[in-house]
Amino acid sequence: MPSDTVGNGALVPLTGDPPAVYPLHHGLAPPICRLSISWSRGNTLHLSLFSSTAAKVVEVKLTSEDQEIPDAHWRRIAYGSVAPFALLQSRRSSLSALLKTPSPYHSDWWENVLQYSKEIGSLLGGSKLPPSPIIEDSKTIVKRDEEPTSLKAAWELIEIFYVDKQSQSWLPERLVDWLTDYDSLFTSTHETIHGKLVDFQKELVNIQVIEDDSRYWELLSSALSVGWLDIVVKMLRLHGSYQLDQLSKRELENGLVETVATVISKMPRLRPESVGKLGEFYKSKADFIKCWEKWRSQITKLDCSPFWIQCDNQQTVDGLRNLLQIMLGNTDSLCMATCFWIELYISHFLYIRPFTMGIESMSNLAQKCIQLKPQSNTHRLAGLMVGILEENTEVVLAECSREFGPWLVAHAIELLTAGSEQAEVLLHEERYNLGGISIVELHRLVYAQILSSHALTWQIAPIYLSSCVKQGMGLLENLLYRQSVQHNNVLLKNIEICRLYELDGISSNIMKIAGVYHWKHGHKGAGVFWLQQAQDSSCLDRIAQQLFDSVGKSISDESFKQWEGMIELLGSESKPAGGLEFLHKYRDFKKSLQKVSGGKSTELARQAVGSLMLLMKNPSTPQRFWLPLLYDSLKLLNWKDCPILGVSETNLLLNKLQDLSLAKLRPYYTEPSLPPDALSSIRLALATNLGRAILDE
Amino acid sequence: MAATAIHKFPQYQYVDAVRWLPQLSPLDRFAVLALFDFDSDASSIQIHSLASNPFSLQPQFSWSSPSRISSLKTSLFLQKPLIVASTAAGSLHFLFADSSDASFDSEVSLPEGTLHSVPASSVDLMDGGVECVTVGEDGKVNLVGVGESNLSCRRLFDSGGLVSYTAARWASSVEFATGGYGFSLQWWDQRKPGGPVSNFKGNWDKKLSSGIVHSIDIHPSRKHTCLAGGSLGTVFAWDLRWQQQPIILSGAGAGTGAGNTMVHSVSESEVWEVQYDRCIKSNTSSTRILPSMICSEDGILAVIEQGEEPVELLAEACAINSFDIDRHNPSIKCACFFVVTLILGC
């Protein structure tokens, strides 16, 4: 190979992330002389390897997916989100039909979206952690029920800001809850309070005198700064002065610790009551402000108390008084106590601006906090949060798309438009640069494409495609045509989807393809079934001719069992069977002939003649069967007791015989395999019968 | 119906089929799972033991299959659990499990191509496991005799592709039923070779709504009735004594059939499996069809009874491929996509 295929022969250095290595298991003996690579479905590479003696095709799945959530879990989320999504879409369309406006935005709409959001949110939880022991360990500070995921954190963040109108009045406290649940996620990029707490908890067993450890006091102030009151109170009670043997000697110190713990657990909070949370809860802002002032004045009084000087454990005094500073909203203390900007931001809401309501001026504060706690690398959730606080829908979408993938964008868009007409217009407006589709449709299409590319998820892509007014149906047709017809499972699902979306034309095309496929592979019955379902008479006519070739040879009385099932399948005459309906009548004729064969009943013979006449009159009876049919009916023509064919009937048969002799002169005539004297004996029988019939009449 | 408890056990592979292993002792319960890993194309049959308190499904033994499992059945053979599986490549495998701990003892198989030219659509094991019937879309009907160390197979019938078979079920030691396209059913008797003893094709093709039979069940106490489930949510019974009239129990497409004015439809999708509900004690002298359970492509697991409103046990977001009812213990297990669900005390 010439060395200068790239540039001047210099190897292009790899930049960015280190390359991923995928070992191949091809089992071929080296050397491999040729290798061809192409894309397969999804993010799978199709590799064809050729050695001198053999060749093999292997598929390599490239994983670039979110490692936080395994594939199987992703698929569960994908399937689980279908029903809430479809429900919301149907509500949206029925509502806009009712209001006769394209936008369903009205005052109660957010309640529908909130329900949707809660249902989707419940799917996103990480794996459940083993239940905590029944007897609670006093040394367990941090505990949780399930592994948090960034995806769920992102979803909840969007829900808090865009959907949940009820909680707008206690937005800061919702953020406190959010951070409580998801602070641990940030540990991956930088230090967090949660991370420090977990580390400290691990060492807890080795620490003798906890209050002498400076980390104990640091963590107390940290946990308090972000409002984890239960953890703070629990940790305070680990203080050495609570131990029975110490109590008498350190009465004053213990009194101070307990006082601070009590003050903390009585902190007024503007939020609905919730189990397991400490503090005093207020729903009305006026009540809250009143109690907050009272609580603050208590702390100020406590801070000036003379007992601090009397206490001889300086570390305890300093630690406790720092906690008081946090609660008094001392900016430096808060900045010291928190690890990164979101924690600092939350602490501002708790202790400096407790009366903040709504999103106004939240962005400026966020900028201030980011400046105070600059970060070298931003966590993806932090990026999302900045976008939300700046009230920039496009940035939020971009962050969702870049960091969390198409699933989140396609589903979170519903949340973004829940409360704002402006966002609704922005996202639903048709854009020239997107080929006339809206941003919403674009993201749904992208997600649907991802679903379509996997064998396990293509089935749910139609739900999303059908919600795309411009391009959806076209892509859905593509998707349906692309599925294989070989496997009944896929084929049946495909047809079911066509039925659901009333795509009768596609459905019948797919059934035709399936019919021809089965026919070609020798599954004649299955082929006929699908062609019949597709009502494709012309195709049935054509394959009928092929089928008759084998009928002519094999439809003897013994092999009839084989044909029976096929004829049953063709069903009654009301169904289109093309030329195949001949088989049905042929079977009836054969059956009645069989009944006649042994007996002498003229009645049965008349019935057989009836079947024969039906066959001979029917234009779909192939010409090549005329002679064999007449030959089979010799017994009827020569019926002993009386002529059972009338004059007109005999004449019709004679005419057919005449037609046949003309047909013999044409090319492509195939001689039926009958005894050489067959034709003459039929002629003779017909002539005799005609004579007898004339005499009779 | 007593209070039910539902337990879900997520799997990391796609679950194609589930079966209970015939119970060895009253204490141990084992489940057989046919699993398929889409990412590595690996398929396997695993035996999981069901532990109570806390409820868990623990994989015990695994046998890796050369190809994806298309049909799975279990039975007892000489007091040993026997599993039979047909694969997408067309091979047939018999796995004998140990009677004490359900570990795999031995495996006998027939390679691809010996029985069918295409994958066998359905296999069924006779009670007692001595004989297995396999049917396929190629129109072949084979009987495989199971011995302790060898298999003997013979072809009972070959339609030459004129008729395809998609389901099979034993009725007795000599009779069995098969199903196929156009909601057709066939009744076979080993003593009368050369073809099916009777053919069934209902008169419901007035509308263009025909389909495929996916599953058949026959109750040991009523061998003359064949219960079948297939496309369009159709569940019907064929009474051999009333040959041309199907008794429609559920279905969207066939609901307007003669004499079936009161048909409830629990699903409009493919009914993948149908089994008589042996948990429900029903009046066996009644002329009505015994209650049965179905699972469907649109994620429904339901009990249907003639003339009654169907009872939905589960409604999942994705297809339920398979379920099995434990005959000795009133519980159901069903495979849904990536989850095995256990329903107790139904």
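Residues numbered from 1 in each chain as written. Chains lettered and ligands numbered in written order. Predicted model: local features only at pLDDT ≥ 70, side-chain atom pairs only at ≥ 80, totals over all residues. Heavy atoms only, no water.

### Overview of the environment of Leu 249 of chain B
Working step 1: Mapped onto the elements, Leu 249 of chain B comes out in strand β21 (residues 247-250).
Working step 2: Sequence separation of Leu 249 of chain B and Phe 157 of chain B is 92 residues, and the distance between their C-alpha atoms is 31 Å. (Helix = DSSP H or I, 4+ residues; strand = E, 2+ residues; numbered from the N terminus.)

### Some remarks on the domain arrangement of chain A
Working step 1: By the assigned domains, chain A splits into domain 1 (21-61), domain 2 (72-129 + 139-179 + 359-365 + 377-428), domain 3 (193-338) and domain 4 (521-696).
Working step 2: Using C-alpha coordinates to define each centre, domain 3 of chain A is positioned 101 Å away from domain 4 of chain A. (Domains from an automatic or database assignment.)

### Things to note about the sheet that holds strand β18 (residues 213-219) of chain B
Note: strands within a sheet are paired through backbone hydrogen bonds, in either parallel or antiparallel orientation.
Residue and element names in this part refer to chain B.
Working step 1: Here we have four strands laid out as an open sheet, ordered β18-β19-β20-β21, and antiparallel in their pairing. At either margin of the open sheet sits one strand with a lone partner, and together these are β18 and β21. The average angle at which neighbouring strand axes cross in this sheet is 25 degrees, direction not considered.
Working step 2: Two strands pair when backbone bridges link them, and strand β20 (residues 235-239) and β21 are joined in this way by three bridges, in the antiparallel orientation. Residue Ala 237 lies in a different strand from β21, and its bridge partner there is Ile 247. (Pairing = 2+ DSSP bridges. Axes fitted to C-alpha atoms, helices over the stretch in contact; angles between N-to-C directions.)

### A look at unusual backbone geometry
All names here are of chain B.
Working step 1: Positioned with a positive phi, Leu 78 is a non-glycine residue whose angle comes to about 50 degrees.
Working step 2: Turning to its location among the elements, Leu 78 is positioned in the loop between β6 (69-77) and β7 (80-87).
Working step 3: Relative accessible area serves as the criterion here: at 56%, Leu 78 is assigned to the exposed category.
Working step 4: A positive phi angle is found at Gln 79, which is not glycine, with a value near 65 degrees.
Working step 5: Considering the arrangement of structural elements, one finds Gln 79 in the loop between β6 and β7.
Working step 6: Owing to a relative accessible area of 65%, Gln 79 belongs among the exposed residues under this scheme. (Buried < 20%, exposed > 50% of the residue type's maximum accessible area, 1.4 Å probe, protein only.)

### Looking at the nonpolar core
Residue and element names in this part refer to chain A.
Working step 1: In terms of nonpolar packing, the biggest core is built from 162 residues, with Trp 178 and Leu 236 touching the most fellow members.
Working step 2: Looking at this core, the element that brings in the most residues is helix α4 (residues 150-163), giving 10 residues.
Working step 3: Every residue in contact with Leu 236, bar those within four places of it in the chain, is listed here: Tyr 216, Leu 220, Tyr 242, Val 257, Val 260, Ala 261, Ile 264, Leu 320 and Leu 323.
Working step 4: Ranked by size, the runner-up nonpolar core spans 58 residues in total, among them Ile 543, Ile 567, Leu 630 and Ala 685. (Core = buried A, V, L, I, M, F, W, Y, C linked by side-chain atoms within 4.5 Å. Contact = heavy atoms within 4.5 Å.)

### Focus: the pairing of strand β23 (residues 292-296) of chain B
Residue and element names in this part refer to chain B.
Working step 1: Counting buried positions along β23 yields five of five residues, so the element is predominantly enclosed.
Working step 2: Summarising the sheet, strand β22 (residues 271-276) and β23 pair through five bridges and their orientation is antiparallel. In the strand pairing of β23, Val 271 is matched with Ser 296.
Working step 3: The antiparallel pairing of β23 with strand β24 (residues 300-304) creates a hairpin that spans three residues between the two strands, and Gly 299 there sits at a positive phi of about 80 degrees.

### What about empty space enclosed by the protein?
Working step 1: Here the structure, examined in full by the defined rule, presents six cavities of 30 Å³ or more.
Working step 2: Roughly 100 Å³ of internal volume is contained in the largest cavity.
Working step 3: Residue lining of the largest cavity: 14 residues in total, with Glu 173, Leu 270, Phe 288, Phe 349 and Pro 354 of chain A positioned closest to the centre.
Working step 4: Of all the secondary structure elements, the ones that give two or more residues to the lining of the largest cavity are α5 (171-182), β4 (268-270), α11 (285-303) and α15 (341-352) of chain A.
Working step 5: For the lining of the largest cavity, the element with the highest residue contribution is β4 of chain A, accounting for three residues.
Working step 6: In terms of residue class, the lining of the largest cavity is built from 10 nonpolar, two polar and two charged.
Working step 7: Counting contributing residues per domain, the lining of the largest cavity is built from domain 2 (72-129 + 139-179 + 359-365 + 377-428) and domain 3 (193-338) of chain A, each supplying no fewer than three.
Working step 8: Within this model, the second largest cavity holds a volume of roughly 80 Å³.
Working step 9: The wall of the second largest cavity is formed by Gly 525, Ala 526, Gly 565, Glu 568 and Leu 569 of chain A together with Val 163, Ser 164, Tyr 181, Ser 184, Gln 186 and Lys 201 of chain B. (1 Å grid on protein atoms, 1.4 Å probe; cavity = no way out; pocket = protein on both sides within 12 Å on 5 of 7 lines; lining within 4 Å. Points joined across faces, edges and corners; volume = space filled by probe spheres on them. Nonpolar A, V, L, I, M, F, W, Y, C, P; charged D, E, K, R; others polar.)

### Comments concerning the sheet that holds strand β1 (residues 32-39) of chain A
Residue and element names in this part refer to chain A.
Working step 1: With antiparallel pairing, the three strands of this open sheet are ordered in space as β1-β2-β3. Edge positions in the sheet fall to β1 and β3 (55-61), since each has one partner strand and no second. Neighbour-to-neighbour, the strand axes of the sheet open up by a mean angle of 20 degrees, direction not taken into account.

### Concerning the packing of α4 of chain A against helix α18 (residues 393-404) of chain A
All names here are of chain A.
Working step 1: For the pair α4 and α18, interaxial distance at closest approach is 12 Å and the crossing angle is 170 degrees. The angle between α4 and α18 falls in the class roughly antiparallel. Where α4 abuts α18, its residues Ser 150, Leu 151, Ala 154, Ile 158 and Tyr 162 lie against Val 396, Cys 400 and Phe 404.
Working step 2: Of the residues that constitute the contact of α4 with α18, the class distribution is seven nonpolar, one polar and no charged. (Parallel < 35°, antiparallel > 145°, perpendicular 65-115°, else oblique.)

### With respect to helix α24 (residues 488-500) of chain A
Each α-helix turn comprises 3.6 residues. Residues three or four places apart therefore point the same way.
Working step 1: Taking 1.5 Å per residue as the helical rise, α24 of chain A with its 13 residues ought to reach 18 Å, and the 18 Å between its terminal C-alpha atoms agrees with that figure.
Working step 2: Along α24 of chain A, the residues classified as buried are Asn 488, Leu 491, Leu 492, Lys 493, Asn 494, Ile 495, Glu 496, Ile 497 and Cys 498 of chain A.
Working step 3: On its buried face, α24 of chain A sits against α22 (461-465), α23 (472-482), α25 (504-520) and α26 (524-533) of chain A together with β18 and β22 of chain B.
Working step 4: Directly beyond the C-terminal end of α24 of chain A, a positive phi value near 55 degrees is found at Glu 502 of chain A. (Expected span 1.5 Å × (residues − 1).)

### Re the packing of aromatic side chains
Working step 1: Using the criterion set out here, one finds 26 aromatic pairs over all chains in the structure.
Working step 2: Relative to Phe 355 of chain A, the ring of Phe 288 of chain A has its centre 5.8 Å away and its plane inclined at 80 degrees; by these criteria the two rings are edge-to-face. Placement of the pair is Phe 288 of chain A in helix α11 and Phe 355 of chain A in the loop between α15 and α16 (362-372), with a sequence separation of 67 residues.
Working step 3: Between Phe 176 of chain B and Trp 188 of chain B, the ring centres sit 5.9 Å apart and the planes meet at 10 degrees, which makes this aromatic pair stacked. With a gap of 12 residues between them, Phe 176 of chain B in strand β15 (residues 175-180) and Trp 188 of chain B in strand β16 (residues 185-189) connect regions that are remote in the sequence. (Phe/Tyr/Trp six-rings, centres within 6.5 Å; stacked < 30°, edge-to-face > 60°.)

### Digging into the pattern of salt bridges
Working step 1: A complete count under the given rule lists 36 salt bridges over all chains for this structure.
Working step 2: The salt bridge involving Arg 169 of chain B is made with Asp 217 of chain B; its shortest N-O contact spans 2.8 Å. In this pair, Arg 169 of chain B sits in strand β14 (residues 165-170) while Asp 217 of chain B sits in strand β18, placing the two residues 48 residues apart along the sequence.
Working step 3: A relative accessible area of 16% places Arg 169 of chain B in the buried class.
Working step 4: A salt bridge links Asp 189 of chain B to Arg 191 of chain B; the nearest nitrogen and oxygen atoms lie 2.9 Å apart.
Working step 5: Three or more residues are tied together by salt bridges with common partners; here these are Glu 173, Asp 177, Arg 269, Arg 271 and Lys 277 of chain A. (Salt bridge = Lys/Arg side-chain N within 4 Å of Asp/Glu carboxyl O.)

### Quick notes on the interface of chain A and chain B
Working step 1: With 40 residues of chain A at the contact, the number on the chain B side is 42 residues.
Working step 2: Summed over both partners, the interface of chain A with chain B comes to about 3,500 Å²; 61% of that surface belongs to carbon and sulfur atoms.
Working step 3: Here Lys 493 of chain A and Glu 297 of chain B are joined by a salt bridge, their closest N and O atoms 3.1 Å apart.
Working step 4: At the boundary of chain A and chain B, one finds nine residue pairs in polar contact (both at pLDDT 80 or more).
Working step 5: Elements that contribute at least two residues to the side of chain A that touches chain B include exactly α1 (71-80), α24, α26 and α28 (560-570) of chain A.
Working step 6: At eight residues, α28 of chain A tops the list of elements feeding residues into the side of chain A that touches chain B.
Working step 7: Considered class by class, the residues forming the side of chain A that touches chain B number 12 nonpolar, 16 polar and 12 charged. (Buried area = accessible area lost by both parts, 1.4 Å probe. Polar contact = N/O pair within 3.5 Å; in protein donor to acceptor, adjacent residues only side chain to side chain.)

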